[in-house]
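Read off the chains here:
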Amino acid sequence: MKHCFWRSLAAILLSLVLLFLLCSCGSDGYREVKSKRAWRKTILTVGGEDVSFELLRFYFFRHTAEADNGDTSVWTGDGAEALTEQALKSAVLDICDLYAVFALCRNWNIDPEGDSIDAVVNQYVKIDVDGGSPDGSTTVGGFGGDYDAYRKSLAEIHSTDTVNRLHYRYLACLSALYSYIVENGAEGKIPAVEEADLRSFLASDDCAHANYAYIGKSSYPDARAAAEELYGKMRAVEGDLNALANLVKGYHFTGNPYSGEYYAKYATDATDKTRYNTIFSLSVGEVSLPVETDDGYYIYYGMKKDASALEGETGDAIRALYLEESYIYRPLAGRAATLATEIVYKSDYAKLTYAKLSEEP
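Residues numbered from 1 in each chain as written. Predicted model: local features only at pLDDT ≥ 70, side-chain atom pairs only at ≥ 80, totals over all residues. Heavy atoms only, no water.

1. Digging into the overall build of the protein
Then, number 1: When helices and strands are counted, the protein shows 13 helices and 7 strands.
Then, number 2: Scored against the burial criterion, the 361 residues of the protein give a buried share of 46%.
Then, number 3: Taking as baseline every contact in the protein between residues at least 6 positions apart, the subset at least 24 positions apart corresponds to 73%.
Then, number 4: Split by element, the accessible area of the protein, about 17900 Å² in all, is 48% carbon and sulfur. (Helix = DSSP H or I, 4+ residues; strand = E, 2+ residues; numbered from the N terminus. Buried < 20%, exposed > 50% of the residue type's maximum accessible area, 1.4 Å probe, protein only. Contact = heavy atoms within 4.5 Å. Areas by Shrake-Rupley, 256 points an atom, 1.4 Å probe, with all protein chains shown as cover.)

Okay, here's the thing in structure tokens:
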């Protein structure tokens, strides 16, 4: 089955990498197809922003698997009302994260609904529908120009054309913030980063150093069993950083498997929270249990943090991470928390049930 460009975390990361390549494309893409009026109806507001039923519905179904583990009968039996309420609360918090990005863009005079962002959104959708290789190496399957097939695929994940475009706007805005703040220094509007700032950041609990192995579900007949087998081998040499590095080098897909990667506590989103919580819980040499994602399993182990990391390319990466953390992701977390206190529920919100949310578009 073909997949929409938005379906997986890997696709989201690809979207961010392609952002500025896409801006150079000339096509206007495909015109948005609005959902039926009932689905566009405002169900609540977040910080004064209208939130539609279709957007809440999409986020709701991102959280149902946490409660039912594939057994949908739980949504009609005893406790179904409480489960629905919990999934809805989680969905609303995700929506706060979404609108926090738009608010931060406005703070930096980046228009989240401006022409440049619109152009990127249109190109994302065009790639979804047409497929192709926009960067010359990565190929997106698409739907051969079949817009109806694209929309049908969205429906399979409880999404719509409008919701999909809103998420692409979110991605485009995040990438615009990165370009403006990290790459361009916010045109001199933020203080210069001193080495003392980076040393303090590196030594703090807001920065972690870890390495990992990744077992992709598409690469193994039984990825869970493969991950458990590798985990057993890693636990057998737990604490020996050299032995752990030798084990994970064949299962590591970014960077240098021997040097690991640095992480900032807030530089994440809803899809990454479990992994980030794991990373920041590890001591040096400690091996984590396999962490399952939609695409595969991650096994992490903690690594030492050393000031020598501030030299060369690693130092450049830590500087960029510091800027992301300080001026993008920590402010986003604060803004999302504020938005969570500014929610106004419409009367129809109280009428939501799993059955209502499950209705076809």
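2. Details of the nonpolar core
Then, number 1: Within the largest apolar cluster, 77 residues are counted, with the highest numbers of intra-cluster contacts made by Leu-44, Leu-55, Leu-56, Phe-60, Tyr-99, Trp-108 and Leu-177.
Then, number 2: Aside from chain neighbours lying at most four places away, what touches Trp-108 is Leu-177, Tyr-180, Ile-181, Ala-186, Lys-189, Ile-190 and Tyr-327.
Then, number 3: By size, the runner-up hydrophobic cluster in this structure holds 16 residues, among which are Ile-215, Ala-227, Met-234 and Tyr-301. (Core = buried A, V, L, I, M, F, W, Y, C linked by side-chain atoms within 4.5 Å.)

3. Thoughts on the pattern of salt bridges
Then, number 1: Taken as a whole and assessed by the stated rule, the structure comprises 17 salt bridges.
Then, number 2: Between Glu-85 and Lys-89 there is a salt bridge, with the nearest N and O atoms lying 3.5 Å from each other. Separated by 4 residues within a single helix, Glu-85 and Lys-89 lie in helix H4 (residues 80–107), roughly one turn from each other.
Then, number 3: On the basis of relative accessible area, Lys-89 is assigned to the partly exposed category, the value being 42%.
Then, number 4: For Lys-233, the salt bridge identified is with Glu-229, shortest N-O distance 3.8 Å. Of this pair, Lys-233 and Glu-229 are both found in helix H9 (residues 223–236), 4 residues apart, which corresponds to roughly one turn of the helix.
Then, number 5: By relative accessible area, which is 42% here, Lys-233 ends up partly exposed. (Salt bridge = Lys/Arg side-chain N within 4 Å of Asp/Glu carboxyl O.)

4. Looking at unusual backbone geometry
Then, number 1: With phi around 65 degrees, His-158 is a residue other than glycine that occupies positive phi space.
Then, number 2: Here His-158 lies in the loop between helix H6 (147–156) and helix H7 (161–183).
Then, number 3: Positive phi, normally seen in glycine, also occurs at Glu-187, with a value near 55 degrees.
Then, number 4: Mapped onto the elements, Glu-187 comes out in the loop between H7 and helix H8 (195–203).
Then, number 5: Looking at Glu-187, the relative accessible area reads 59%, which means it is exposed.

Purely geometric numbers; function is a separate question.
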